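# Structural characterization, general
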Amino acid sequence: MVPMAIEHPDRDPVALVLAGNRGHLSAPHYQDMLRASGIPVTGTDLERDAKEVLHGDAFVYGDPDHIADVATRYAAAGVDELVVNVTGVA
């Protein structure tokens, strides 16, 4: 399951990450998962952590071509099913 949002001038990607994932980012097991995947979250600075999640493509934000590119990279890494989570914008 990957949270995603299409880029739009009225959207703040950090706010979208926090809207849909604030609870997850506060949970030690989720922080451990992100760190194990190479995303250096702090566990204390949620805004910084949201930026790291965006940078690491654990929340995919951008134009449709960028989102398709990330999905292609997931497929190349062996992902054969991708659930798109739009909680941040919903």
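We now turn to the structure provided with this report. These figures come from a predicted structure and were not determined experimentally.

## What about the sheet that holds strand β2 (residues 60–62)?
Strand order across the open sheet formed by 3 strands is β2-β1-β3, with parallel pairing between neighbours. Every interior strand has two partners, whereas the edge strands, β2 and β3 (84–85), have only one. The pairing of strand β1 (residues 2–6) with β3 spans 2 bridges and is parallel. Each residue of the ladder has a partner; that of Pro3, found in β3, is Asn85. Strands β1 and β2 of the sheet are contacted by helix α4 (residues 64–76), whose axis makes an angle of about 150° with β2.

## Concerning the packing of helix α1 (residues 13–25) against helix α2 (residues 28–36)
With their axes 7 Å apart at the nearest point, α1 and α2 run at an angle of 100° to one another. As summarised for this structure, α1 and α2 are arranged roughly perpendicular, according to the angle between their axes. Across the interface between the two elements, Asn21, His24 and Leu25 from α1 touch Tyr30, Gln31 and Leu34 from α2. Split by residue class, the contact of α1 with α2 holds 3 nonpolar, 3 polar and no charged.

## Structural notes on α4
Compared with an ideal rise of 1.5 Å per residue, which puts 13 residues at 18 Å, α4 spans 18 Å between its outermost C-alpha atoms and is within 8% of the ideal. Sitting at the head of α4, Asp63 places a side-chain oxygen 3.1 Å from the backbone nitrogen of Asp65. Remark: Gly78 follows α4 within two positions and exhibits a positive phi of approximately 110°.

What counts, and where the lines are drawn
Residues numbered from 1 in each chain as written. Predicted model: local features only at pLDDT ≥ 70, side-chain atom pairs only at ≥ 80, totals over all residues. Heavy atoms only, no water. Pairing = 2+ DSSP bridges. Helix = DSSP H or I, 4+ residues; strand = E, 2+ residues; numbered from the N terminus. Contact = heavy atoms within 4.5 Å. Axes fitted to C-alpha atoms, helices over the stretch in contact; angles between N-to-C directions. Parallel < 35°, antiparallel > 145°, perpendicular 65-115°, else oblique. Nonpolar A, V, L, I, M, F, W, Y, C, P; charged D, E, K, R; others polar. Expected span 1.5 Å × (residues − 1). Polar contact = N/O pair within 3.5 Å; in protein donor to acceptor, adjacent residues only side chain to side chain.

Any functional reading would require information that these geometric values do not contain.
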